[in-house]
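Residue-level structure breakdown
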Amino acid sequence: MAPSKRRSGRSAAKSPAAKGSAKSTQSPSPDTQSHGDTENCPACTPVTKELMNGSRKENWIECDNCNTWYHWRCAGNGEDVENIAKWYCEPCMLADPSRQMTLKAPARKSSRKRTQRDYANLNSGLGSDPNRFQRMLETKEIKKDPFRRMKGGELDEWLREDESALREPIIIEQPDGLGMKMPPRDLTVEHVAEYIGEDTPLEVIDVASQSTASGWDLGKWADYVDLEPSKREKVLNVISLEISGTELADMILPPKIVRELDWVENFWPSTRKGKNNAYPKVQLYCLMGVAGAWTDWHIDFAGSSVYYHILKGSKVFYFIKPTPANLAAYEKWSGSELQYETWLGDMVDDVFKVELVEGNTMIIPTGWIHAVHTPVDTLVFGGNFLHSYDVATQLRVREIEIATQVPKKFTFPMFTKLCWYVGDKYLRDLKAPGGVSLSARVLEGVLTLSEFLVSEARILETGSEQAKKEARDSIPTDRVKDGPAMARELRWRAKQAQGYWSETEEGGGGVRRAKQGTKRRRVEEEGGHFRNFKPKAWDVVLATKEEGERQRVQARKPEDEEDLRKEWTEETGGAAGTEAEVRRVVEREVKVRRTRRGVERQRIERTVEEWSWIE
C-alpha cells in the first residue's frame with residue numbers, strides 16, 4: 001500500500017520504497033526519472049552515510065513530482081521537515097524551474113490567520129533563512145516616523161486636551177512620570193523561568209518559517225537564550241507569554257494612563273477577576289526575542305491598543321496607519337495567497353520605522369498594522385487594552401478577524417461579554433441623577449458601542465438557534481438582566497447626550513443636532529420616562545464606504561471665509577485656479593424595517609471631499 005504521508009521519521013536502514021510501495025502506479029513524466037533503493041537515496045554521499053551510520057531513525061521526504069524518496073539529511077536545506085507543504089527534488093526543479101518548495105501555514109499567536117511567508121523568494125532554500133526579511137527591507141521605501149516623543153507627566157493633559165491623542169503611536173523615552181512599575185533592569189530570562197516555573201509550557205516561534213516550534217517550556221527556553229548566538233541552531237521568538245497571576249506579575253504595574261483607559265481594568269467586575277475566575281487576561285505579557293527575530297505584519301486582536309516597555313535590548317517597529325484603504329488592503333492580504341506573494345507595504349500608502357532602545361515605552365493605538373524586528377537579545381514587558389476613544393476601529397478590526405476566519409484562540413478573549421459590561425456601566429452613568437461629563441470622542445465611542453450591542457440584541461431576536469445561544473451566553477446576567485432593552489436604551493441616551501432628539505428609535509424624520517461645546521457636554525437625568533419605551537428596531541442596517549480615485553483639477557485656493565461661502569458651497573468646488581488633488585469618500589447607509597403599512601426604508605449617502613493644492 002502506498003505511504004499516506006510525504007514525510008516520516010523512518011529507520012535509516014529501510015526507505016519507504018523498501019516496503020514495496022509506490023505513491024502512484026502512473027509512470028514518471030518524460031522529464032523525470034525514478035531514483036532510490038532500500039537503504040540509500042539519490043542524494044546520499046559518503047559524508048551523509050557516515051553521519052547516518054548507526055542512527056535509529058532518519059527523516060525521509062518524497063518529491064511531489066517524481067514520487068522519489070530522499071533522506072532529508074541528504075536533500076534538505078535545514079528547514080524543519082514538518083513545516084514543508086510541497087517539495088521537489090533537484091532533478092525535477094532543474095527540469096522545470098517553476099517547481100519550488102513551499103511551507104505549511106504557520107500556527108502562531110496573532111490577530112489573523114497566517115500562511116507561509118514567501119515575498120522574498122523563499123524558494124531555493126531561502127525559506128530557512130531568518131535574515132531574509134531584513135534583506136528584503138533594503139529594497140523597500142521606509143519613512144522615518146513622525147510620531148511624538150513625550151514625557152510621562154504630559155500624558156494626562158495630552159489625552160484631555162489633544163484631539164489627536166490615541167490616534168498615532170507615541171514614544172516615552174524615560175519611564176519617569178508614567179506611574180508605571182517594572183522589574184529591575186538586571187532581570188534575565190533565567191529569572192523569568194524561575195519566577196513563573198521552568199516547567200511552564202511555552203509557545204515559541206521559529207522566525208525562519210514564522211511557525212510554532214513544539215516541545216518548549218521556560219526552562220528549555222532559558223537554556224537556549226543562554227547559548228552564544230553562533231551556537232543557536234535557529235532564531236526563535238516568544239511573543240505570547242501572558243504572566244497574570246504569577247510572582248513576576250507582582251513586579252509590574254502598567255502605566256497610569258493605560259490603567260485609567262483599560263476596559264478590563266475599569267468595567268469587568270473586580271469580584272469576577274483573579275485566580276479562580278475567567279476574565280480577559282491580556283494585560284501583562286513578557287516578550288523575549290533573540291537577535292534577528294522578526295514578527296510579521298499583524299494587528300493586535302480586536303484592534304486593541306498596546307503599551308510596550310523595553311526592559312533590556314532594542315526593537316525596530318514598522319508601522320502602517322489604519323486608514324480605511326490600508327485596512328481594506330490588510331483584509332485582502334490577510335489569510336489569502338497574497339500573504340506569501342506580496343509584501344504588505346507595497347499595497348499601502350506609507351510604512352514608518354520606529355527604533356526603540358532600553359528604557360523606552362511606546363503606546364500603540366487602536367488598529368495600527370505593524371511588524372517588528374529584534375536587532376539584539378531583548379526582554380520586553382507590555383500588554384493589550386481596549387478603550388472608549390476609538391471603538392469604531394476596534395469593531396472594524398474584529399470584522400476583519402471574522403472575515404478572514406481567525407481562530408477563536410487568537411482573538412480577544414470574551415470580547416462581547418466585555419462590551420456588555422462596558423455598555424451597562426456607561427448606561428448607569430448616563431442615567432445618574434447628577435449627570436456625567438464625557439468628552440465628545442468618548443460619547444461617539446459609547447454610541448458606536450451601543451450600535452454593536454443592538455446588533456447583538458437583534459441576533460437574540462431573529463438569529464438562528466446556534467447564533468441565539470452564542471449571543472445569549474455572551475451576556476453577563478450578573479449585571480445585564482435584559483440585554484436588548486439595555487442596548488437600545490444606551491443608544492437612545494448616547495444620542496441624547498450628543499444633542500439628538502427623536503420620537504422613534506432611529507430618529508427617522510425627526511432628528512436634529514444641537515449645538516454642543518468643543519470639549520465636554522453634561523448630560524442631565526430626564527426622569528424615568530424611558531422605563532417602558534420599546535422602540536421598533538430596524539430589521540436590516542447596511543453601511544458601506546467607498547473610496548473613489550484621486551483626481552487632479554484646476555481650482556482656486558480660498559483666501560478667507562467669504563471665499564468659502566461664495567464658491568465652495570457649490571458642487572463645482574470653486575472657480576478655476578491652480579492645480580489641486582481631490583480625494584473623495586462616499587459613505588452609504590441603508591436601513592429597512594417592516595411597518596404596519598408595509599416596509600420603511602431609509603437611504604443616506606454622504607460624500608466627503610479632501611482638497612489639497614499642488615505647489
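None of these values were measured; they are calculated from a predicted model. (Residues numbered from 1 in each chain as written. Predicted model: local features only at pLDDT ≥ 70, side-chain atom pairs only at ≥ 80, totals over all residues. Heavy atoms only, no water.)

**Examining the nonpolar core**
How we decide: By convention a nonpolar core is built from buried Ala, Val, Leu, Ile, Met, Phe, Trp, Tyr and Cys residues, the set being connected through side-chain atoms within 4.5 Å. Burial classification: accessible surface area is computed with a 1.4 Å probe over protein chains only, and a residue below 20% of its type maximum counts as buried, one above 50% as exposed, and the rest as partly exposed. Whether two residues touch is decided by their heavy atoms; if any such pair falls within 4.5 Å, the residues are in contact.
In terms of nonpolar packing, the biggest core is built from 130 residues, with Trp221, Ile243, Met288, Trp297 and Phe381 touching the most fellow members. Residue contacts for Trp221: discarding those within four places in its chain leaves Val189, Leu202, Val204, Trp216, Leu236, Asn237, Val238 and Met288. Of all hydrophobic cores here, the second largest spans 19 residues; its members include Trp60, Ile61, Cys89 and Met101.

**What about the packing of helix H14 (residues 440-462) against helix H15 (residues 465-473)?**
Going by this rule: To get an axis, fit a line to the C-alpha atoms, keeping to the stretch in contact for a helix; angles then go from 0 to 180 degrees between the N-to-C directions. Put simply, DSSP H or I for four residues or longer makes a helix, DSSP E for two residues or longer makes a strand, and each gets a number counted from the N terminus. Any angle from 65 to 115 degrees is called roughly perpendicular, while one under 35 is roughly parallel, one over 145 is roughly antiparallel, and all others are oblique. By convention, the crossing between two helices is left-handed when the near helix turns anticlockwise from the far helix through less than a right angle, and right-handed when the turn is clockwise. Under this grouping Gly is polar, as are all residues other than the nonpolar Ala, Val, Leu, Ile, Met, Phe, Trp, Tyr, Cys and Pro and the charged Asp, Glu, Lys and Arg.
The N-to-C vectors of H14 and H15 enclose an angle of 135 degrees; their axes lie 8 Å apart at closest approach. When the axis of H14 is compared with that of H15, the two are oblique. You can see that H14 and H15 cross each other, and the crossing is left-handed. In this structure, H14 contributes Glu456, Ile459, Leu460, Glu461 and Thr462 to the contact, and H15 contributes Ala467, Lys468, Ala471 and Arg472. When grouped by side-chain class, the residues that make up the contact of H14 with H15 number four nonpolar, one polar and four charged.

**So, the environment of Ile243**
Tracing the backbone shows Ile243 in the loop between strand S11 (236-242) and helix H8 (256-261). For Ile243, a relative accessible area of 0% translates into the label buried. For the pair formed by Ile243 and Leu284, sequence separation is 41 residues and the distance between their alpha carbons is 5.8 Å. Residues within four places of Ile243 in sequence aside, it is in contact with Ile196, Leu248, Ala249, Ile252, Leu284, Cys286 and Phe381.

**Focus on the sheet that holds strand S19 (residues 378-385)**
Under the convention used in this document: Here, strands pair whenever DSSP counts at least two bridges between them.
Across the sheet, which stays open at both edges, the nine strands sit in the order S7-S8-S17-S14-S19-S12-S11-S9-S10 with mixed pairing between neighbours. Pairing within the sheet leaves two strands with one partner each, and these edge strands are strand S7 (148-150) and strand S10 (211-213). Strand-to-strand twist of the sheet, defined as the mean angle between neighbouring strand axes without regard to direction, takes the value 25 degrees. Relative to strand S12 (residues 285-289), S11 is paired through four bridges, and the arrangement is antiparallel.

**With respect to the packing of aromatic side chains**
For any two aromatic rings, the description comes down to two numbers: the centre-to-centre distance and the angle of the planes. What counts is decided by this rule: Working definition: rings of Phe, Tyr and Trp (its six-membered ring) pair if their centres are within 6.5 Å, and the pair is stacked with planes under 30 degrees apart, edge-to-face with planes over 60 apart, and tilted otherwise.
Overall, the coordinates contain 21 aromatic pairs when judged by the stated rule. The interplanar angle of 65 degrees and the centroid separation of 6.0 Å between the aromatic rings of Phe415 and Phe452 together place this pair among those described as edge-to-face. Of the two residues, Phe415 is situated in helix H13 (residues 415-431) and Phe452 in helix H14; the sequence distance between them amounts to 37 residues. The pair Phe415 / Phe452 is uniform in exposure class, with both members buried. Among the aromatic residues, those joined into a ring-pair cluster are Phe147, Tyr308, Phe317, Phe319, Phe352 and Trp368.

**Quick word on the packing of helix H6 (residues 189-196) against helix H7 (residues 218-226)**
Close contact between H6 and H7 brings their axes to 9 Å; oriented N to C, the two are set at 170 degrees. Comparing their axes, H7 and H6 come out roughly antiparallel. Of H7, the residues touching H6 (which contributes Val189, Glu190, Val192, Ala193 and Ile196) are Leu218, Trp221, Ala222 and Val225. Looking at side-chain class alone, the contact of H6 with H7 contains eight nonpolar, no polar and one charged residues.

**Some points on a negative patch on the surface**
As a reminder of what qualifies: Note on patches: the residues involved have over 30% relative accessible area and no salt bridge, like charges join within 9 Å, and the nonpolar side chains Val, Leu, Ile, Met, Phe, Trp and Tyr join within 5 Å. Here the open area of atoms and residues is found with the Shrake-Rupley method and a 1.4 Å probe, where only the protein chains shown may cover a residue. By convention in these notes, a salt bridge is any Lys or Arg side-chain nitrogen within 4 Å of a carboxyl oxygen on Asp or Glu. The positive count covers Lys and Arg only, the negative count covers Asp and Glu only, and His and the chain ends enter neither. Note on charges: their place is set at NZ of Lys, CZ of Arg, CG of Asp or CD of Glu.
Judged by side-chain charge, Glu190, Glu194, Glu198, Asp199, Asp223, Asp226 and Glu228 come together as a negatively charged surface patch. Mapped onto the negative patch, the elements with two or more residues apiece are H6 and H7. Within the secondary structure, Asp199 is located in the loop between H6 and strand S9 (204-206).

Don't take any of this as a statement about function, it's just geometry.
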